[in-house]
Amino acid sequence: MDSVDPTSYRPISNLSVFSKLLEQLVSQQLVAYLKDNDLLPDHQSAYRAYHSTETAVLRVLSDILLALDSGDIAVLTLLDLSAAFDSVDHATLLQRLRTSYGLGGSVLAWFASYLSNRTQCVRLPSTRSTESAVLYGVPQGSVLGLILFLLYTADLLRLVQRHQLHPHAYADDTQIYGSCHPSMADVFQQRLSDCIDDVALWMMSNRLQLNHAKTEVLWCASTRRQQQIPTSPVSVGSTLVFPVTTVRDLGVYLDADVSMAAHVTATVKRYCVLLKFQFACKSRL
């Protein structure tokens, strides 16, 4: 992290214990309501019981392996949002809670009160800036902010499905993947590009921003079909994204032949570093 780069910093809300306890009670009731009415996003794995980074990666990897076993090639695209939690539009979120999730009356008024009249400032050891109103975003470090973000972005997953591709998300990390016969790779790549363009437009209309520089594309194929993997770039707006041979997806390294060799190598390296650290500590003792 560059300490002099303002984008390296994220605001964290200083919330009282009482506030977090209240949020926890509201969160439990909200999640129970969403679950009972089958309103939770199907392909969002964050902040839900029995849904984690492990289940998200396993689902995506399983689908890709099934496609490769049938003789297809697969593509995995990792999208990155810039300051996603800080960009949520309050008016749009409240409208979505009313129209998409059936919240109204005093419940919706409570959420409006929860989001409004918040302020923020920058504090250094010897000085402090004047406070300014927080007009966008959900409180980072809060309990409810995370769930509200999932509900705010649920339509994005349905947008990907309309392009006949598969989405899976964990918080603001969005994965888009699919498969095709090697002979249809060019047509499929154009469909992927069109999907990402629509995703970028949706994000723009919802005050979110797709980080083109951190978008990654990984084509996967069995060992004998590696030569059939496309090498041409995928158009992401005005940016050309060239395929890579390895990506880090929710802490797991995936490679083009889905052998998990890159993940094993990275795990061994971390283990060796840990052993060296422990040995150095014991030597000093």
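No experiment lies behind these values; they were computed from the predicted model shown.

A.B. asks: Got a minute to help me understand the pairing of strand 4 (residues 166-170) in this structure?
C.D. replies: Side chains on a regular strand alternate between the two faces of the sheet. One ladder, built from five bridges, connects strand 4 with strand 5 (residues 173-180); its direction is antiparallel. Residue His-166 lies in a different strand from strand 5, and its bridge partner there is Tyr-177.

A.B. asks: Can you help me understand helix 3 (residues 90-99) in this one?
C.D. replies: Since the α-helix advances by 3.6 residues per turn, residues separated by three or four positions end up pointing in the same direction. Turning to helix 3, its buried residues are His-90, Leu-93, Leu-94, Arg-96 and Leu-97. The buried residues of helix 3 occupy an angular sector of 160° when projected down its axis, which confines them to one face. Seen from the open side of helix 3, the exposed residues pointing more than 90 degrees away from its buried face are Ala-91 and Thr-99. Buried residues in helix 3 make contact with helix 4 (105-115), helix 5 (144-152), helix 6 (154-162) and helix 7 (185-205).

A.B. asks: Can you walk me through unusual backbone geometry in this structure?
C.D. replies: A negative phi angle characterises most non-glycine residues, just as the trans form characterises most peptide bonds. Of note in this structure, Val-258 is not a glycine but carries a positive phi near 50°. For Val-258, the position within the fold is in the loop between strand 10 (252-255) and helix 8 (261-284). Not every positive phi belongs to a glycine, and Met-260 is a case in point at roughly 65°. Locating Met-260 in the fold gives a position in the loop between strand 10 and helix 8.

A.B. asks: Please explain the sheet that holds strand 1 (residues 73-79) as it appears in this structure.
C.D. replies: Strands pair in a sheet through their backbones, by hydrogen bonds, and they do so in one of two ways: parallel or antiparallel. Spatially, four strands are ordered 4-5-1-6 in an open sheet, and the strand pairing comes out antiparallel. Since the sheet does not close on itself, it has two edges, and those belong to strand 4 and strand 6 (216-220), each with one partner. Sheet twist, expressed as the mean angle between neighbouring strand axes with direction ignored, is 20°. Across seven bridges, the pairing between strand 1 and strand 5 is antiparallel. Opposite Leu-76, over in strand 5, you have Tyr-177 as the bridge partner.

A.B. asks: Looking at this model, I keep getting lost on the nonpolar core. Mind explaining?
C.D. replies: Side chains that are nonpolar tend, in soluble globular proteins, to be buried together. Ranked by internal contacts, the top residues of the largest apolar core, which has 71 residues, are Ile-64, Leu-97, Phe-111 and Val-199. The dominant element in this core, judged by the number of residues it contributes, is helix 7, at nine residues. Dropping the residues within four chain positions of it, Leu-97 is found in contact with Gly-102, Leu-103, Leu-108, Phe-111, Leu-148 and Leu-151.

A.B. asks: Honestly, helix 6 in this entry has me stumped. Any pointers?
C.D. replies: For helix 6, every residue scored as buried is listed here: Ala-154, Leu-156, Leu-157, Leu-159 and Val-160. Those residues of helix 6 that are buried are in contact with helix 5, strand 4, strand 5 and helix 7. Positive backbone phi, at 60°, marks Gln-164, one or two positions downstream of helix 6.

A.B. asks: Would you take a moment to explain the pattern of salt bridges for this structure?
C.D. replies: It is possible for side chains of opposite charge to pair when their charged atoms get near one another. Scanning the model with the defined rule gives four salt bridges in all. A salt bridge links Arg-59 to Asp-63; the shortest N-O distance between them is 3.1 Å. Taken together, the positions of Arg-59 and Asp-63, both in helix 2 (residues 53-69) and four residues apart, correspond to about one turn of that helix. With relative accessibility at 41%, the residue Arg-59 sits in the partly exposed group. Here Arg-158 makes a salt bridge to Asp-155, at a shortest N to O gap of 2.3 Å. Within this pair, Arg-158 and its partner Asp-155 are both found in helix 6, separated by three residues, close to a single helical turn. Judged by its relative accessible area of 39%, Arg-158 is partly exposed.

A.B. asks: Would you explain the packing of helix 4 against helix 5 in this entry?
C.D. replies: Pairs of packed helices are described in terms of their axes, by the angle between the two and the distance that separates them. For the pair helix 4 and helix 5, the least separation of the axes is 12 Å and the interaxial angle reads 115°. Regarding the angle of helix 4 to helix 5, the classification is roughly perpendicular. Relative to helix 5, the crossing made by helix 4 is left-handed. Each of Trp-110, Phe-111, Tyr-114 and Leu-115 in helix 4 lies in contact with helix 5, whose residues at this interface are Leu-144, Gly-145 and Leu-148. Residue composition of the contact of helix 4 with helix 5, by class: six nonpolar, one polar and no charged.

A.B. asks: Please explain the environment of Tyr-136 as it appears in this structure.
C.D. replies: Here Tyr-136 is to be found in the loop between strand 3 (132-133) and helix 5. The sequence separation of Tyr-136 and Ala-261 amounts to 125 residues, and the corresponding C-alpha distance is 42 Å. Setting aside chain neighbours within four positions, we find Tyr-136 in contact with Asp-86, Ser-87, Val-88, Asp-89, His-90 and Arg-207.

A.B. asks: Honestly, the packing of aromatic side chains in this entry has me stumped. Any pointers?
C.D. replies: Here the distance between the centres and the angle between the planes together describe a pair of aromatic rings. The tally for this structure, following the rule as stated, stands at four aromatic pairs. Through successive ring pairs, a cluster of aromatic residues spans Trp-110, Phe-111 and Tyr-114. Over the ring of Tyr-152 we find Arg-96, and its NZ or CZ is 5.2 Å from the ring centre. For the cation-ring pair, Arg-207 lies above Tyr-136, with the distance from its terminal atom to the ring centre recorded as 3.8 Å.

Reading the values: the criteria
Residues numbered from 1 in each chain as written. Predicted model: local features only at pLDDT ≥ 70, side-chain atom pairs only at ≥ 80, totals over all residues. Heavy atoms only, no water. Pairing = 2+ DSSP bridges. Helix = DSSP H or I, 4+ residues; strand = E, 2+ residues; numbered from the N terminus. Buried < 20%, exposed > 50% of the residue type's maximum accessible area, 1.4 Å probe, protein only. Arc of directions from axis to C-beta. Contact = heavy atoms within 4.5 Å. Axes fitted to C-alpha atoms, helices over the stretch in contact; angles between N-to-C directions. Core = buried A, V, L, I, M, F, W, Y, C linked by side-chain atoms within 4.5 Å. Salt bridge = Lys/Arg side-chain N within 4 Å of Asp/Glu carboxyl O. Parallel < 35°, antiparallel > 145°, perpendicular 65-115°, else oblique. Left-handed = near helix turned anticlockwise from the far one by under 90°. Nonpolar A, V, L, I, M, F, W, Y, C, P; charged D, E, K, R; others polar. Phe/Tyr/Trp six-rings, centres within 6.5 Å; stacked < 30°, edge-to-face > 60°. Lys NZ or Arg CZ within 6 Å of the ring centre and 35° of its normal.

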